[in-house]
Amino acid sequence: MHSWTQRLMGAATTAAVLLAAACAAASALDAFHVPAVQAQAHVTKINRFHKQINGNDKVTLTFNVSANLESLFTWNTKQVFVFLTAEYENAKNSLNQVSLWDHIVPDKEHANLQLEVKSKYPLIDQGSSLRGKKVQLVLHWHVMPNAGAMIRNRMMLSEFKLPDAYSS
Amino acid sequence: MDWQGQKRAEMLMQVLLVASAVAAFLAGYVRADFQFMLLVYAAGVVLTALVTVPNWPFFNRNPLKWLDAAEAERHPRPQVSAGAAAGGKKKSGKNK
Amino acid sequence: MGFVGDTVESIRSMQIRQVLTQIISLGMIVTSALIIWKGLIVFTGSESPVVVVLSGSMEPGFKRGDILFLHMSKDPIRTGEIVVFNVDGREIPIVHRVIKVHERQDTAEVDILTKGDNNFGDDRLLYAHGQLWLQRHHIMGRAVGYLPYVGWVTIIMTEKPFIKYLLIGALGLLVITSKD
């Protein structure tokens, strides 16, 4: 009993296994890829700094970002998700990470960013500890592959100090 | 498809598939294009299926040589009794 | 009479054995699938190691029908990670990205806020009524690996049960009819 349907099934199974192997190999090669990201970000303006009714400090910012993410792209990269967080420690929390801005880079041609943007998400504290607080800006990236493992990394950028008084 | 043909078909299938996977991976890597790899591989798989799935004459070059009917009659099978036949049937049934 | 009875008996016993072997081989398939699944659960530490993306809220990163491999380690959760979480009162787990993390000084408890890449606002509208943050126990795992399209098989099977039964029937028939 060696019919053509059996041979077709056999061929399909082997083909699927090999395809999975090729994807795994492509993803494994990415692990040896060493990117060299260059980036800078500076807060240019604090638009509004106040205390919300619920008692949490809230800041909206404007900052400029320049980042060259071209080296993150390999042949197995579908897109890069890049975002900027403000990170600080206060009495209540050992770590506060708040996203301020994010962006999807679809391909290598659009991976050289030079932007001046307003914070997409406001910096909201859990409580009221932001007056005079030193905040670290961190650039994170999340490389999303065509198939395989996702890669995450980050880079410390500049620090900035919030004013000692609310702006309104 | 004869016995030799079956063996040949299976060998061909595996060799062709592995070869097309390797070729596709290298081609995709060199051109830094994941989609290109998938296209080359798909072409390889279709080609493999075309070569090994249908029952081509190529796989029927070593037909089984059955014993000629006249020849078989000249060497008759040994006669068996009814009781022994039942036992034989049982055995062959199990082995199926 | 003895001879006929013998033959019938032999045929009957043969069929029972054959049926038994078929049942056992079917059972082997089911149990080995179960072993692989449970093994993955132990290995990844997540209660569902593979999830299918059901919505477009993470496009263009993840589309409907893609599958994600989850891992649940003791490592702290950080912004940017894509996590799968369960909200009280919702059956279907959600796959979204962490955009805020507040980790306590003393207890190391953590408050997490998530958002879908393709959604305009954060996920507070999706959480239970009045819930502002996710805690550690809501998180089922973080996505570490990705494969496109494979999940369509399960989406089609859950949405068109007819096809599921057809497939199960065909597979069962294949197992039962295959001799030896």
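Residues numbered from 1 in each chain as written. Chains lettered and ligands numbered in written order. Predicted model: local features only at pLDDT ≥ 70, side-chain atom pairs only at ≥ 80, totals over all residues.

Caption draft 1: Structural context of the overall build of chain C. When you go through chain C residue by residue, the secondary structure sums to three helices and six strands. Helices and strands in chain C line up, N terminus first, as α-β-β-β-β-β-β-α-α. Along the three orthogonal principal directions, the C-alpha set of chain C runs to about 90 × 35 × 30 Å. Scored against the burial criterion, the 180 residues of chain C give a buried share of 26%. Restricting to contacts in chain C with at least 6 residues of sequence separation, those with at least 24 account for 57%. (Helix = DSSP H or I, 4+ residues; strand = E, 2+ residues; numbered from the N terminus. Buried ≥ 20, exposed ≤ 12 C-beta atoms within 10 Å, placed from the backbone. Contact = placed C-beta atoms within 7 Å.)

Caption draft 2: Spatial organisation of the overall build of chain B. A count of helical and extended segments in chain B gives four helices and zero strands. Taken from N to C terminus, the helices and strands of chain B fall in the order α-α-α-α. Counted over contacts in chain B with a minimum sequence separation of 6, partners at least 24 positions apart contribute 62%.

Caption draft 3: Quick look at the interface of chain C and chain A. On the side of chain A, 24 residues touch chain C, which itself brings 21 residues to the contact. When residues in the side of chain C that touches chain A are grouped by element, the largest group, six residues, is from strand β4 (residues 94-104) of chain C. In this sheet, strand β6 (residues 139-147) of chain C lies alongside strand β8 (residues 148-149) of chain A in antiparallel orientation, the contact comprising two bridges. Each bridged residue has a counterpart across the sheet, and for Ala149(A) the counterpart in β6(C) is Gly145(C). (Pairing = 2+ DSSP bridges.)

Caption draft 4: Geometry of the nonpolar core. In terms of nonpolar packing, the biggest core is built from 76 residues, with Ala22(A), Val80(A), Val82(A), Leu68(C), Val95(C) and Ala143(C) touching the most fellow members. Looking at which domains feed residues into this core, each of domain 1 (1-32) and domain 2 (35-161) of chain A supplies at least three. Not counting residues within four places of it along the chain, the set of residues in contact with Val82(A) comprises Ala67(A), Leu69(A), Asp102(A), His103(A), Val105(A), Leu139(A) and Trp141(A). (Core = buried A, V, L, I, M, F, W, Y, C linked by C-beta atoms within 7 Å. Domains from an automatic or database assignment.)

Caption draft 5: Layout of the confidence of the model for chain C. Residues and elements named next belong to chain C. On average, residues of chain C score 84 in pLDDT, and 92% of them are at 70 or above. Element-level mean pLDDT values for chain C span from 80 in helix α3 (residues 161-177) up to 92 in strand β5 (residues 110-115). At the level of chain-chain contacts, confidence expressed as ipTM amounts to 0.85, with global pTM at 0.79. (pLDDT = per-residue confidence, 0-100.)

Caption draft 6: Geometry of the packing of helix α1 (residues 4-30) of chain A against helix α2 (residues 34-52) of chain B. In the contact formed by α1(A) and α2(B), the axes pass within 11 Å of each other and the chain directions differ by 160 degrees. The orientation of α1(A) relative to α2(B) falls into the category roughly antiparallel. Of the two possible hands of crossing, α1(A) and α2(B) adopt the one that is right-handed. Here α1(A) contributes Arg7(A), Leu8(A), Ala11(A), Ala15(A), Leu19(A), Ala22(A) and Ala26(A) to the contact with α2(B), which in turn contributes Phe34(B), Met37(B), Tyr41(B), Val45(B), Thr48(B), Ala49(B) and Thr52(B). Residue composition of the contact of α1(A) with α2(B), by class: eleven nonpolar, two polar and one charged. (Axes fitted to C-alpha atoms, helices over the stretch in contact; angles between N-to-C directions. Parallel < 35°, antiparallel > 145°, perpendicular 65-115°, else oblique. Left-handed = near helix turned anticlockwise from the far one by under 90°. Nonpolar A, V, L, I, M, F, W, Y, C, P; charged D, E, K, R; others polar.)

Caption draft 7: Examining helix α1 (residues 3-31) of chain B more closely. Residues and elements named next belong to chain B. The terminal C-alpha atoms of α1 lie 42 Å apart, and with 29 residues this matches the ideal 42 Å at 1.5 Å per residue to within 8%. Regarding α1, the residues found buried are Ala9, Met13, Leu17, Ser20, Ala21, Ala24, Phe25 and Gly28. Where α1 ends, the next residue or the one after it, Ala32, has phi of about 50 degrees, a positive value. (Expected span 1.5 Å × (residues − 1).)

Caption draft 8: Summary view of the environment of Ile92(C). By the element assignment, Ile92(C) lies in the loop between β3 (82-85) and β4. Considering only alpha carbons, one finds Ile92(C) and Phe120(C), 28 residues apart in sequence, at a separation of 21 Å.

Caption draft 9: Structural view of the environment of Tyr149(C). Residues and elements named next belong to chain C. With respect to the secondary-structure elements, Tyr149 resides in the loop between β6 and α2 (152-159). Residues Tyr149 and Lys63, spaced 86 residues apart in sequence, show a C-alpha to C-alpha distance of 8.2 Å. Discounting chain neighbours no more than four positions away, the residues touching Tyr149 are Gly65 and Asp66.

Caption draft 10: A look at the pairing of β3(C). Residues and elements named next belong to chain C. The two faces of β3 match: Ile82 and Val84 on one face and Val83 and Phe85 on the other face are all buried. Pairing geometry for β3 and β6, over three bridges, is antiparallel. Residue Val84 lies in a different strand from β6, and its bridge partner there is Gly141.

Caption draft 11: α1(A), seen in detail. Taking 1.5 Å of rise per residue, 27 residues should cover 39 Å, and α1(A) covers 39 Å from first to last C-alpha, within 8% of that figure. Regarding α1(A), the residues found buried are Arg7(A), Ala11(A), Ala15(A), Leu18(A), Ala22(A), Cys23(A), Ala26(A) and Ser27(A). Close packing links the buried residues of α1(A) with β7 (134-145) and β8 of chain A together with α1 and α2 of chain B.

Caption draft 12: Spatial organisation of the confidence of the model for chain B. Residue and element names in this part refer to chain B. Put simply, chain B has an average pLDDT of 79, and 81% of its residues get 70 or more. The least confident element of chain B is helix α4 (residues 82-95), whose mean pLDDT is 44; the most confident is α2, at 91. Counted against residues more than four places away or in other chains, residues 84-96, with its pLDDT under 50, gives nine contacts.

Caption draft 13: Looking closely at the packing of α1(B) against α2(B). All names here are of chain B. At a minimum axis distance of 8 Å, the contact between α1 and α2 shows a crossing angle of 165 degrees. Of the possible angle classes, the one that applies to α1 and α2 is roughly antiparallel. Taken as a pair, α1 and α2 cross one another with a handedness that is right-handed.

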